[in-house]
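Residue strings, one per chain:
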Amino acid sequence: MMASLKTPTLKTPSFALSSKPRLPSAFSAAFPNTARFSRSQPQRRRFLIVTASSSSFSNKPTVLVAEKLGEAGLTLLKEFANVDCSYNLSPEELCTKISLCDALIVRSGTKVNREVFESSGGRLKVVGRAGVGIDNVDLSAATEHGCLVVNAPTANTVAAAEHGIVLLAAMARNVAQADASVKAGKWQRNKYVGVSLVGKTLAVLGFGKVGSEVARRAKGLGMHVIAHDPYAPADRARAIGVELVSFDEAIATADFISLHMPLTPATNKMLNDETFAKMKKGVRIVNVARGGVIDEEALVRALDAGTVAQAALDVFSEEPPKQDSKLVQHERVTVTPHLGASTMEAQEGVAIEIAEAVVGALKGELAATAVNAPMVPAEVLTELKPYVELAEKLGRLAVQLVAGGSGVKTVKVSYASSRAPDDLDTRLLRAMITKGIIEPISSVFVNLVNADYTAKQRGLRITEERILLDGSPESPLESIQVQIANVESKFASAMSESGEIKVEGRVKDGIPHLTKVGSFEVDVSLEGSIILCRQVDQPGMIGTVGSILGEENVNVSFMSVGRVAPRKHAVMAIGVDEQPSKETLKRIGEVPAIEEFVFLKL
């Protein structure tokens, strides 16, 4: 057990990253007056963001622009750097040029893979992606080679929102189909009778920058707007006149659905046969987000069955889609070739945003739009590694326990340690907890550079408490506890006596373990995934659940039971290597002594 406690100290993180703090010319970020996890060389730890020699700035840096960029962005770049605009480079040509460049700017058509970073010979300091997605940039290789990656996430907002509204109206009034009909020499007024938007309910799934702008415009069209987003600030929704609801309520009551969520494992094929079946018959769907959030084959089935009356799509799981695609060719589907950001104004805005981010990085500023993790000295990482993994997984577990449409707003993290507060720098751990909470349902990549900024942008307030223990400070931490306040839980037993979702963990033999859920003590390795069951404490429960999983060939790695008292209530935590099928989970839930359960994916 833990040693006696001393008075805890509270620390609330600041959000200074949004103000672009300056770095020294060597691109190393020094953190004075904070201690480190390593026991040697006190007060001298530095977190290296990008490596560059002090002589790098004796001459103008060189920026390679590999894809077309707006003139306004090029003008900004030319004021600071030598600019080489070389478009349509082959992979071999790019690798040849890159060793002479300090920065590279691309759109979506250029693959910036490991070979590019290796060919740079360490000279490449920043890669700028002119747009939001960074699928074409190898983030791991960039970080390994000390290269910062930045993107331009805001300039496309209005253009994407406007395109969503355009598709909404065009779909409702059959504009594309009627246009094709008239051009084919037909006059079919009765065939293309549309539906009105005024008074209809629009469900906005994903209430971020684009989703909220779509909501504003839909309100102006006289629509009733509801939204679902776990991180949407309630005050912002109220200000627009939008009601935040659960996902199931949103899809069940909407006449129109507009998609604005990122493509993540949690949102992949979010609209599928099961969710289409829950929708109001005759619903109409607009997607200007990511193609993969819709199961396209299921959408065709829903259109044929009349469950979905119409769809308007700007994005597809495969782009360009096949010419014989049943979805593209469907008579009740309106399609455009990924035009969400394709306005003259948006293209100029993206050019300016990415140019500013690249120039700032070359000057040594921390960019708020940085998307890859900064490098950390090897000796610090060695000691920190299992705790970093523990922190992220506790964040992932906690957010998956949240239910309802209220969203996560307040998180409290408690660190129990024998080290003095000035010898325990928790910023990386806080960043990893933020990463675990935000990344499962967001396209944002969270790291030490942008964690506080990202949390602030989403209205997420993370406070930290340090519990000082007596004992030897050989290891950095005894335990980490994560609490989420003012939310409902999918698993009631995860709620503490004071009403917060609470999970706690520690590192054992170098492996992160979950040691507490709500008020229940458990002990399960945080590997694979976890099933939590609240049950009546009686003989045979471990064997019963284990047998169900074994029959379905699901391997159990750990199993632990925590109880309040013999023959009362208990929580069973089961570590599994594979994801059980819905049928398997249903069988577990049907065991009479099991009162509730939840599957949590790590």
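As a starting point, this report considers the structure included with it. (Residues numbered from 1 in each chain as written. Predicted model: local features only at pLDDT ≥ 70, side-chain atom pairs only at ≥ 80, totals over all residues. Heavy atoms only, no water.)

Digging into the sheet that holds strand β24 (residues 529-536)
Taken together, four strands build an open sheet; the order of strands is β25-β26-β24-β27 and the sheet is antiparallel. With one partner strand each, in any of the chains shown, β25 (556-563) and β27 (594-601) form the two edges of the open sheet. Adjacent strand axes in the sheet meet at a mean angle of 15° when their direction is disregarded. Pairing of β25 with strand β26 (residues 569-576), which is carried by seven bridges, proceeds in the antiparallel orientation. Following the sheet pairing, Met-559 is matched in β26 by Ile-574. (Pairing = 2+ DSSP bridges. Helix = DSSP H or I, 4+ residues; strand = E, 2+ residues; numbered from the N terminus. Axes fitted to C-alpha atoms, helices over the stretch in contact; angles between N-to-C directions.)

Section: unusual backbone geometry
Cis geometry is adopted by the peptide bond preceding Pro-320, which originates at Glu-319 and carries an omega value of -5°. Counting through the fold element by element, Pro-320 comes out in the loop between β14 (308-313) and α12 (326-329). Phi is positive for Lys-269, which is not a glycine, with a value near 50°. Here the phi dihedral of Asp-509 falls at roughly 55°; this positive angle occurs in a residue that is not glycine. By the secondary structure assignment, Asp-509 is in the loop between β21 (501-508) and β22 (511-517). The exposed category is assigned to Asp-509, whose relative accessible area is 81%. (Buried < 20%, exposed > 50% of the residue type's maximum accessible area, 1.4 Å probe, protein only.)

Side note on the nonpolar core
Ranked by size, the top nonpolar core spans 52 residues in total, and within it Leu-401, Val-408, Val-411, Ile-437, Ile-480, Leu-514 and Leu-532 carry the most contacts. Among the elements that line this core, the one with the most residues is helix α14 (residues 378-400), at nine residues. The residue makeup of this core includes at least three contributed by each of domain 3 (377-518) and domain 4 (526-601). Leave out the neighbours within four places in its chain, and Val-408 touches Pro-230, Tyr-231, Val-399, Val-402, Ile-437, Leu-460, Ile-484 and Val-487. Counting residues in hydrophobic clusters, the runner-up holds 29 residues, among them Ala-250, Leu-271, Met-279 and Val-283. (Core = buried A, V, L, I, M, F, W, Y, C linked by side-chain atoms within 4.5 Å. Domains from an automatic or database assignment. Contact = heavy atoms within 4.5 Å.)

Points about the sheet that holds strand β4 (residues 62-65)
Reading across from one edge, β5-β4-β6-β7-β8 is the order of the five strands in this open sheet, with parallel pairing throughout. Each edge of the open sheet carries a strand with a single partner, namely β5 (82-85) and β8 (148-151). Pairwise comparison of adjacent strand axes, ignoring direction, gives a mean angle of 20° for this sheet. Pairing of strand β7 (residues 126-129) with β8, which is carried by four bridges, proceeds in the parallel orientation.

Thoughts on the side chain of Lys-393
Examined against the element boundaries, Lys-393 turns out to sit in helix α14. Lys-393 gets classed as buried once you look at its relative accessible area, which sits at 14%. In this view, Lys-393 contacts Leu-526, Glu-527 and Leu-602; residues no more than four positions away in its chain are not counted.

Considerations on the pairing of strand β23 (residues 520-525)
Successive residues of a regular strand alternate their side chains across the two faces of the sheet. Bridge analysis of β22 against β23 gives four bridges, and the strand direction is antiparallel. Each residue of the ladder has a partner; that of Lys-516, found in β23, is Glu-521. With antiparallel pairing between neighbouring strands as the criterion, β22 and β23 make up a hairpin whose turn holds two residues, including Gly-518 at a positive phi of roughly 60°.

Focus: the pattern of salt bridges
A side chain of one charge can pair with a side chain of the opposite charge if their charged atoms are brought near each other. Per the counting criterion, the structure on display carries 24 salt bridges. Lys-97 is the salt-bridge partner of Asp-84, the closest N and O atoms lying 2.7 Å from each other. With Asp-84 in strand β5 and Lys-97 in helix α2 (residues 91-98), the pair connects residues that are 13 residues apart, well separated along the chain. Judged by its relative accessible area of 22%, Asp-84 is partly exposed. Classification of Lys-97 by relative accessible area gives partly exposed; the value is 27%. Among the salt bridges present, the one from Lys-412 reaches Glu-465, with a minimum N-O distance of 3.8 Å. In this pair, Lys-412 is assigned in strand β17 (residues 410-417) and Glu-465 in strand β18 (residues 461-468), connecting sequence segments 53 residues apart. When its relative accessible area of 29% is taken as the criterion, Lys-412 is described as partly exposed. In this structure, a network of salt bridges that share partners links the residues Glu-392, Arg-396, Lys-435 and Glu-439. (Salt bridge = Lys/Arg side-chain N within 4 Å of Asp/Glu carboxyl O.)

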